[in-house]
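Below are the chains, spelled out letter by letter.
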Amino acid sequence: MQREQISVFDIFKIGVGPSSSHTLGPWRAAQQFIATLREKDALAEVDQIKILLYGSLAKTGVGHGTDIAILLGLYGADPVTFDVNAIDATIEEIKTYGQLSLNGEQNISFNYSEDLVFLFLESLPFHPNAVTFQAFLSTGKAISETYYSIGGGFVVKEGEQGSDKEQVDLPFPVEKASELLHWCLSTGLKVSEVVMENELAWRSEIETRKGIMQHFYVMRDCTYRGCHTSGFLPGGLNVGRRAAALNKRLIGNNTYTNYESWIEAIRHGGNSFNYILDWVSCFALAVNEENASFGRVVTAPTNGAAGVIPAVLQYYVVFCDGFSDEKITQFIACASEIGSIFKKGATISAAMGGCQAEIGVSSAMAAAALTECLGGSQRQVLMAAEIAMEHHLGLTCDPIGGLVQIPCIERNTMGAIKAITASQLALQSNPDKAKVSLDAVVNTMWETALDMNSKYKETSDGGLATNIPISLPEC
Ligand code: SF4
């Protein structure tokens, strides 16, 4: 069987909130459908488009912005570059005038309430996040394709599951943590160094380093923006943003004008336990408030959990003296390998495994990366990832109102703090005496995912989502 090959840029992707599986994935699927129409020379013949949303995409699609993402993808917008401030106006125009310009080239009539169909009671067998696009042509023919958004922004087309990515020769192929450890111990390479060697199969080292720093800049800007933006989150729950007020309180009289001087200002505040704890929470809240507001974020490895890794990385940069391109690159490369092991051995999709697959995985990634950057051995790195996930096992996904806000935003603070604790525990432990391996916890997470009731898998049919009375405005 072909092994899945996952690059650092598959695990970390620049996109738009609030959800990687419900926003970024469907956006990419819509772009792929447009590409298909172009390949078949059919774009100019399209008269009508119908979109069918199944399973979790139907149930929490509106709260997660699936409808918006799909329209933007069909419109030809790219999640990496599209101006997030133009999203509302673009969607409003499509709805108001009943016109959609496919890829900016082919104008068609589009009725939002009839052409976008939420099939709340239907699910397709391969994955709960499914979307079918149907294009009806002036020739009388129709072109239809189904896509699955399988978590973390990954998308597969029906009929091409697992076979669409070009295979390369990786010097250190890794399916499980035990294989990663084998390569590390037999070569003396750190986890991040194994990753950098493998990345050479796709591109030059310079390109990889540049790409990783670009992802860091997006994380950095998102954190900084979130720490300086107040108000309420969209969606109707009236959740107030908290990061900006917390930033203001913590920074006190220290002044700054940009990201670099902000770091210095934070450092001036000292290093008491409560002070650092508050800052880690502040960083995580900031990113996820941006995510909930359709802001630009880095999927890490999902959008709902996008705040954990930036928060721990920011903690490392500010409080552990990790502010260098080299250290940041090492952190992100190491984290990506752990995310990749969870994707191969279990899942990073909340619709498949609940929140353990999102916050749990991001916490494990951050714990491992921090441990390596703080000088831990390769065994301690894997141990940190194991500890972080062990204490997220069984975590359900039950977002209130289908919005990626409650419990999601605070949950990122928990994932970040647990990552730091897991890292410290591993650094203070002898991994030879550990009773639970990372592979065992990956396997346990997958078995737990299979046993988990579907109410707790991003459907908003159970848990907090049904126990907290809310009334959202009609969409
Ligand atoms: S509860 Fe967790 S998995 Fe579910 S949407 Fe929120 S962050 Fe994502």
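Residues numbered from 1 in each chain as written. Predicted model: local features only at pLDDT ≥ 70, side-chain atom pairs only at ≥ 80, totals over all residues. Heavy atoms only, no water.

### Here we look at the overall build of the protein
Piece 1. In terms of helices and strands, the protein carries 20 helices and nine strands.
Piece 2. Taking 2.2 N^0.38 as the reference for a compact globule, 475 residues should give roughly 23 Å; the C-alpha atoms of the protein span a radius of gyration of 22 Å, in line with that estimate.
Piece 3. For the C-alpha atoms alone, the extent of the protein along its principal axes is close to 70 × 55 × 45 Å.
Piece 4. Within the protein, buried positions represent 58% of all 475 residues.
Piece 5. In the protein, of all internal contacts separated by at least 6 residues, the share reaching a separation of at least 24 is 77%.
Piece 6. Carbon and sulfur atoms make up 50% of the accessible area of the protein, which totals about 19100 Å².
Piece 7. Taken together, the 34 basic and 52 acidic charged side chains of the protein have centroids lying 4 Å from each other. (Helix = DSSP H or I, 4+ residues; strand = E, 2+ residues; numbered from the N terminus. Rg over C-alpha atoms; globule rule 2.2 N^0.38 Å. Buried < 20%, exposed > 50% of the residue type's maximum accessible area, 1.4 Å probe, protein only. Contact = heavy atoms within 4.5 Å. Areas by Shrake-Rupley, 256 points an atom, 1.4 Å probe, with all protein chains shown as cover. Lys, Arg positive; Asp, Glu negative; His and termini not counted. Charge placed at Lys NZ, Arg CZ, Asp CG, Glu CD.)

### Concerning the sheet that holds strand 5 (residues 116-119)
Piece 1. The strand order across the open sheet formed by five strands is 5-2-6-7-8, and the pairing between neighbours is mixed. Of all the strands in the sheet, the pair left with one neighbour each is strand 5 and strand 8 (154-157). Across the sheet, the mean angle from the axis of one strand to that of its neighbour is 25°, orientation sign disregarded.
Piece 2. In this structure, strand 7 (residues 142-151) lies alongside strand 8, joined through four bridges in antiparallel fashion. Looking across to strand 8, one finds that G151 is bridged to F154.
Piece 3. Contacts from helix 2 (residues 20-39) reach strand 2 (46-54), strand 6 (129-137), strand 7 and strand 8, with the element oriented near 150° to strand 7. (Pairing = 2+ DSSP bridges. Axes fitted to C-alpha atoms, helices over the stretch in contact; angles between N-to-C directions.)

### What about helix 7 (residues 177-187)?
Piece 1. Three or more residues of helix 7 are buried, namely A177, L180, L181 and C184. Buried residues in helix 7, looked at end-on, bunch into an arc of 100°, giving them a common side.
Piece 2. Residues of helix 7 that are buried make contact with helix 8 (191-199), helix 14 (325-345), helix 17 (378-390) and helix 19 (438-451). (Arc of directions from axis to C-beta.)

### Side note on the environment of K344
Piece 1. Here K344 lies in helix 14.
Piece 2. It is 9.4 Å that separates the C-alpha atoms of K344 and V442, two residues lying 98 residues apart in sequence.
Piece 3. Excluding anything up to four places from it in sequence, K344 contacts E4, I6, V174 and E175.

### A word on the pairing of strand 2
Piece 1. Across eight bridges, the pairing between strand 2 and strand 6 is antiparallel. The residue bridging L52 from the neighbouring strand is T132, located in strand 6.
Piece 2. As paired elements, strand 2 and strand 5 share four bridges and run parallel to each other. Each bridged residue has a counterpart across the sheet, and for L53 the counterpart in strand 5 is F118.

### Remarks on the domain arrangement of the protein
Piece 1. Partitioning the protein into structural domains gives domain 1 (20-157) and domain 2 (177-467).
Piece 2. Using C-alpha coordinates to define each centre, domain 1 is positioned 29 Å away from domain 2.
Piece 3. In this complex, domain 1 contributes 25 residues to the contact, which on the side of domain 2 involves 22 residues.
Piece 4. Across the domain 1 to domain 2 interface the summed buried area is about 1700 Å²; carbon plus sulfur atoms make up 59%.
Piece 5. Inspection of the domain 1/domain 2 interface yields one salt bridge.
Piece 6. Among the ionic pairs, D461 bridges to K59, the shortest N-O distance being 2.8 Å.
Piece 7. Between domain 1 and domain 2 we count 11 residue pairs in polar contact (both at pLDDT 80 or more) in total.
Piece 8. Among the elements of the structure, helix 2, helix 3 (55-59) and strand 7 are those that each provide at least two residues to the side of domain 1 that touches domain 2. (Domains from an automatic or database assignment. Buried area = accessible area lost by both parts, 1.4 Å probe. Salt bridge = Lys/Arg side-chain N within 4 Å of Asp/Glu carboxyl O. Polar contact = N/O pair within 3.5 Å; in protein donor to acceptor, adjacent residues only side chain to side chain.)

### A few points about the side chain of T60
Piece 1. Structurally, T60 is set in the loop between helix 3 and helix 4 (66-75).
Piece 2. Within polar-contact distance, the side chain of T60 engages the side chain of H22 at 3.2 Å.
Piece 3. In this view, T60 contacts H22, G402, E458, T459 and S460; residues no more than four positions away in its chain are not counted.

### Observations concerning the site of the ligand
Piece 1. Neighbouring the ligand are G304, A350, C355, E358, C397, D398, C408 and R411.
Piece 2. Residues that form the shell around the ligand fall into these classes: four nonpolar, one polar and three charged. (Near = heavy atom within 4 Å. Nonpolar A, V, L, I, M, F, W, Y, C, P; charged D, E, K, R; others polar.)

### Re helix 19
For the α-helix, the turn length of 3.6 residues means that residues three or four positions removed from each other point alike.
Piece 1. Under the 1.5 Å per step criterion, the end-to-end length of helix 19 is 20 Å for 14 residues, consistent within 8% with the ideal 20 Å.
Piece 2. Within the span of helix 19, buried status applies to L438, V441, V442, M445 and A449. Looking straight down helix 19, one finds its buried side chains confined to an arc of 105°; they lie on one side. Residues of helix 19 that are exposed and point more than 90 degrees away from the buried face comprise L450 and D451. (Expected span 1.5 Å × (residues − 1).)

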